[in-house]
Amino acid sequence: MDELAFDDLKLFARVAALGSLSAAARERDMPVSRVSRTLARIERACGARLLHRSTHALALSAEGESFLEHCHRLLGTLESLEGEFASQARVASGLVRVAASTVIAQYLLLPGLAELSARYPGLRVEVEVSDRLADLAREGIDIAIRTASALPETMVARQIGLLGRALYAAPAYAERAGLPRHPGELSQHRLVTNTAAPQLNHWPFVVDGRAFRLPVQGHWRTNETGMAATMVLQGLGIGRLATVAAEPLVAEGKLVPVLPEVVDRQPAPIYAVTATGRQRLPKIRACIDHWVDWVARQGGGVLA
């Protein structure tokens, strides 16, 4: 075991998380053969088979599961140590891997990246775009930007703003199918829903002072918010979209609001989520502080 380095442990953890040697190789920009040799060296050092390999997939052996658990524990200790020294040095530099949905990546992260780079030239940011909730530890994510606030004890969250949502349709759909005059008429329409975030398919309304949520079934369904917006723009149906993305399209005449008088936009808190202890790392703190400041300058912190 003396011949193993921390980087070997990091590589093993990433292979286990990604389930693929080639994916880990692409992530590190190295040949697959080098990843394979590293894994073979780890297995020789452990004296056990850690991975079962087939043509299409990898699976951890019982020994591999145990080794992975120890990897996470050791790497967590190393990160805490790095955080302690980096915090004292106060240097914001290095790679930060950020996970976010399409809308948040496009309208919160991207517009402020140039300013972040100018403020901290030593920072490098990698954005993983998906509506799926990322597993920070297993996927090597430093910060997840999400609206869900329920967190395990190993995670901490800081609110960086608010995100509103409303209902929209394309003018072509409105002309062809008409628009509902009451939430109860939505069942007569083609709707676009999200399979990755089912909570977004309970559409909120306030009618005559009464607040309620209407569960909807999508004729068109997708696991990605950007594709949902594209479906709506193509005139396929009515969808619940982030207002920060939809309202500029309304101004351009590409979308029309649906039931605007009764839709409850319910601006939801946007959180920057990171592992407990890592928020002290200067590179993590610099990114989160920047996004808090940037969003605060965009309409009082509401992306609407």
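Residues numbered from 1 in each chain as written. Predicted model: local features only at pLDDT ≥ 70, side-chain atom pairs only at ≥ 80, totals over all residues. Heavy atoms only, no water.

Participant: Describe the overall build of the chain, naming the residues involved and giving the relevant values.
Facilitator: Assigned secondary structure in the chain consists of ten helices and 15 strands. Put simply, the chain has 304 residues, and 43% of those count as buried. Residue pairs at least 24 apart in sequence account for 76% of intrachain contacts in the chain once pairs closer than 6 positions are excluded. As displayed, the chain has an accessible area near 15,600 Å², and 52% of this comes from carbon and sulfur atoms. (Helix = DSSP H or I, 4+ residues; strand = E, 2+ residues; numbered from the N terminus. Buried < 20%, exposed > 50% of the residue type's maximum accessible area, 1.4 Å probe, protein only. Contact = heavy atoms within 4.5 Å. Areas by Shrake-Rupley, 256 points an atom, 1.4 Å probe, with all protein chains shown as cover.)

Participant: A description of the nonpolar core should follow, citing residues and the corresponding values.
Facilitator: One recurring pattern in soluble globular proteins: nonpolar side chains tend to sit buried together. Counting residues in hydrophobic clusters, the biggest one holds 27 residues, and the most contacted among them are Leu108, Leu109, Ile143, Ile145, Ile160 and Trp291. When residues of this core are assigned to their parent elements, the largest contribution, seven residues, is made by helix H10 (residues 282-296). Ignoring sequence-local partners within four residues, the contact set of Ile145 consists of Val98, Ala99, Ala100, Ile104, Leu109, Ile160, Ile270, Tyr271, Ala272 and Trp291. Counting residues in each nonpolar core, the second largest holds 25 residues, with Ala166, Val192, Phe212 and Leu259 among its members. (Core = buried A, V, L, I, M, F, W, Y, C linked by side-chain atoms within 4.5 Å.)

Participant: Residues and numbers for the pairing of strand S10 (residues 210-215), please.
Facilitator: Bridge count for strand S9 (residues 202-207) against S10 is six bridges, and the pairing is antiparallel. Across the sheet, residue Pro204 finds its bridge partner in S10, namely Arg213. (Pairing = 2+ DSSP bridges.)

Participant: A description of the confidence of the model for the chain should follow, citing residues and the corresponding values.
Facilitator: Confidence in the prediction for the chain averages 86 pLDDT; 89% of positions are at 70 or higher. For the chain, the element scoring lowest by mean pLDDT is strand S15 (residues 302-303), at 58; strand S13 (residues 256-257) scores highest, at 97. (pLDDT = per-residue confidence, 0-100.)

Participant: Just give me the short version of the side chain of His189, but keep the residues and values in it.
Facilitator: Assignment of secondary structure puts His189 in the loop between helix H7 (171-177) and strand S8 (191-194). Within polar-contact distance, the side chain of His189 engages the side chain of Tyr173 at 2.8 Å. For His189, the contacting residues outside a window of four places in its chain are Tyr173, Ala177, Gly178, Leu179, Pro180 and Ile238. (Polar contact = N/O pair within 3.5 Å; in protein donor to acceptor, adjacent residues only side chain to side chain.)

Participant: So, the packing of helix H5 (residues 102-119) against H10: which residues are in play, and what are the values?
Facilitator: In the contact formed by H5 and H10, the axes pass within 10 Å of each other and the chain directions differ by 120°. What the angle tells us is that H5 and H10 run oblique. The hand of the H5/H10 crossing is right-handed. Facing Tyr107, Leu108, Leu109, Pro111, Gly112, Leu113, Glu115, Leu116 and Arg119 of H5, the residues of H10 in contact are Ala286, Cys287, His290, Trp291, Asp293, Trp294 and Val295. Residue composition of the contact of H5 with H10, by class: eleven nonpolar, two polar and three charged. (Axes fitted to C-alpha atoms, helices over the stretch in contact; angles between N-to-C directions. Parallel < 35°, antiparallel > 145°, perpendicular 65-115°, else oblique. Left-handed = near helix turned anticlockwise from the far one by under 90°. Nonpolar A, V, L, I, M, F, W, Y, C, P; charged D, E, K, R; others polar.)

Participant: Please set out the environment of Leu136 residue by residue, giving values where relevant.
Facilitator: With respect to the element layout, Leu136 can be found in helix H6 (residues 136-139). For the pair Leu136 and Met155, spaced 19 residues apart in sequence, the C-alpha to C-alpha distance is 9.0 Å. Excluding anything up to four places from it in sequence, Leu136 contacts Ile141, Asp142, Ala144, Arg146, Met155, Val273, Thr274 and Ala275.

Participant: Outline the pattern of salt bridges, supporting the account with residue identities and numerical values.
Facilitator: Under the counting rule described, the total for this entry stands at 14 salt bridges. A salt bridge links Glu43 to Arg49; the shortest N-O distance between them is 4.0 Å. According to the relative accessible area criterion, Glu43 is buried, its value standing at 13%. The partner of Arg181 in a salt bridge is Glu185, with the nearest N and O atoms 3.6 Å apart. The exposed category is assigned to Arg181, whose relative accessible area is 73%. What emerges from the salt-bridge pattern is a single network uniting Glu115, Arg119, Asp293 and Arg297. (Salt bridge = Lys/Arg side-chain N within 4 Å of Asp/Glu carboxyl O.)

Participant: A description of the sheet that holds strand S12 (residues 238-242) should follow, citing residues and the corresponding values.
Facilitator: What the five strands build is an open sheet, ordered S11-S8-S12-S7-S13; its pairing is mixed. Since the sheet does not close on itself, it has two edges, and those belong to strand S11 (220-222) and S13, each with one partner. Where S8 and S11 come together, three bridges link them in parallel fashion. By the bridge assignment, Thr193 is partnered in S11 with Arg221.

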